[in-house]
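# Architecture and fold: a report
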Amino acid sequence: MRLSDPQDSATFDHVPVLAGPVLAGFAELEGLLDQRGEGVLIDCTLGGGGHSALLLEAHPRLRLIGLDQDPTARAAAAERLAPFGDRVHIVATNFAAYTPTEPALAVLADLGVSSPQLDVAERGFSFRLDGPLDMRMNPAAGETAAELIARLDETELADLIYAYGEERLSRRIARRIKHDLAEQGPYSGTAALAYAVAGCYPPKARRGRIHPATRTFQSLRIAVNDELGVLDHLLQAAPDWLLPGGLFGVISFHSLEDRRVKTSFVSDERLQRITRKPETAAEEEQNSNPRSRSAKWRLARRR
């Protein structure tokens, strides 16, 4: 196995969501491998290597090119995928910046933030654990969430929260955030921002199953990492990475992503849609892994 820029992976333990549907959807890779002898899977969001490990085990003639911009994820994946030896090549990159050197039999993308990223306070993705307002998938590059909210004016911030978080109180929340910054300076961390956002809701609405700050945090994370922009790029580029008959599978976690994937799979003349409706987690998986409740799996085939 070849790896770029390994780091400590002790805190990164990735449980692959929708493992059953992914394995079932990619089962026909065996027929393609029979035709060609071997082939490549490009995992665009390698994470801890959970999905890739399952697919490499299920298809012994499959090789992997795993992409991830998070050094902690790459280190964890290298450890998990070590038993597969030279069948694995890990690349330090955002998939939007990647161009394959050979055609692939399959492309997989598991979008969004992984559980280990959410569970490490220092990454600043979550308000459950207080941490810096960072939210960058690549902690070594780009603008942090704190820098973003400081740079935008109130109208721009409200528009962002509404567009990427589908938050109906976006203008009230943006007004509160910019007022706090003017009066008190930067927020001390994710908990302080979450408290401010929750204060924009009526008292009864603060006690629902979903925390009032969830949509605002989603919008900031999407903007910091340009998640929809890089997804649009992938949907346009990935079909050309595939051999005829190759498979393109995407797991999304919110409606903004899923609508894009659905539209692409329906309208792209290079693709034949396989899943007419997205597959979701079974009740057992939802109970054991609550974050799987919003996951949707769609699959298409290269014509």
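Here, every reference points to the structure presented above.
To keep things clear, this report deals only with the structure shown in the data block.

Here is what the cut-offs are and how they apply
- The written sequence of each chain sets the order in which its residues are numbered from 1.
- With pLDDT at 70 or above as the cut-off, local features in this predicted model cover only qualifying residues; side-chain atom pairs require 80 or more to be listed or tallied, and sums for whole chains, interfaces and linings still use all residues.
- Only hydrogens and water are set aside when side-chain values are computed; all heavy atoms of the structure are taken into account.
- Secondary structure elements are taken from DSSP: a helix is a run of H or I of four residues or more, a strand is a run of E of two residues or more, and numbering for both begins at the N terminus.
- Contacts are assigned to residue pairs with any non-hydrogen atoms lying within 4.5 Å of each other.
- Under the rule applied, a polar contact is a pair of N or O atoms within 3.5 Å (in protein, one hydrogen donor and one hydrogen acceptor; residues adjacent in sequence only if both atoms are side-chain atoms).
- Any two strands between which DSSP finds at least two bridges are classified as paired.
- Fitting a line to C-alpha atoms yields each axis, with helices limited to the stretch in contact; the angle taken between N-to-C directions then spans 0 to 180 degrees.
- The term salt bridge refers to a side-chain nitrogen of Lys or Arg lying within 4 Å of a carboxyl oxygen of Asp or Glu.
- Think of it in three bands: residues with accessible area under 20% of the maximum for their type are buried, residues over 50% are exposed, and the middle band is partly exposed, with areas taken using a 1.4 Å probe on protein chains only.

## Focus: the environment of Arg298
- Residue placement: Arg298 occurs in strand β7 (residues 296–302).
- Separated by 36 residues in sequence, Arg298 and Lys262 place their C-alpha atoms 7.6 Å apart.
- Every residue in contact with Arg298, bar those within four places of it in the chain, is listed here: Phe248, Gly249, Val250, Asp258, Val261, Lys262, Phe265, Thr275, Arg276, Lys277 and Pro278.
- At 2.7 Å, the side chain of Arg298 and the side chain of Asp258 are in polar contact.

## Notes on the sheet that holds strand β5 (residues 242–252)
- The mixed open sheet is built from 7 strands, whose spatial order is β3-β2-β1-β4-β5-β7-β6. Pairing within the sheet leaves two strands with one partner each, and these edge strands are β3 (88–92) and β6 (271–273). Strand-to-strand, the axes of this sheet are offset by a mean angle of 20°, without reference to chain direction.
- Pairing of strand β1 (residues 39–43) with strand β4 (residues 104–110) involves 3 bridges; the strand directions are parallel. The residue of β4 that forms the bridge with Ile42 is Val107.
- Against the sheet, helix α4 (residues 71–81) engages β2 (62–68) and β3, with an angle of about 175° to β3.
- On top of the sheet, helix α11 (residues 227–241) reaches β1, β4, β5, β6 and β7; it is set at about 150° to β5, its chief contact.

## Brief notes about the pattern of salt bridges
- Overall, the coordinates contain 20 salt bridges when judged by the stated rule.
- Among the salt bridges present, the one from Arg259 reaches Glu166, with a minimum N-O distance of 3.3 Å. Placement of the pair is Arg259 in helix α12 (residues 255–267) and Glu166 in the loop between α7 (154–165) and α8 (170–184), with a sequence separation of 93 residues.
- The partly exposed category is assigned to Glu166, whose relative accessible area is 40%.
- A single network of salt bridges, built from pairs that share partners, joins Asp240, Asp268, Arg270 and Arg302.

Function-wise, these values are silent; they only describe arrangement.
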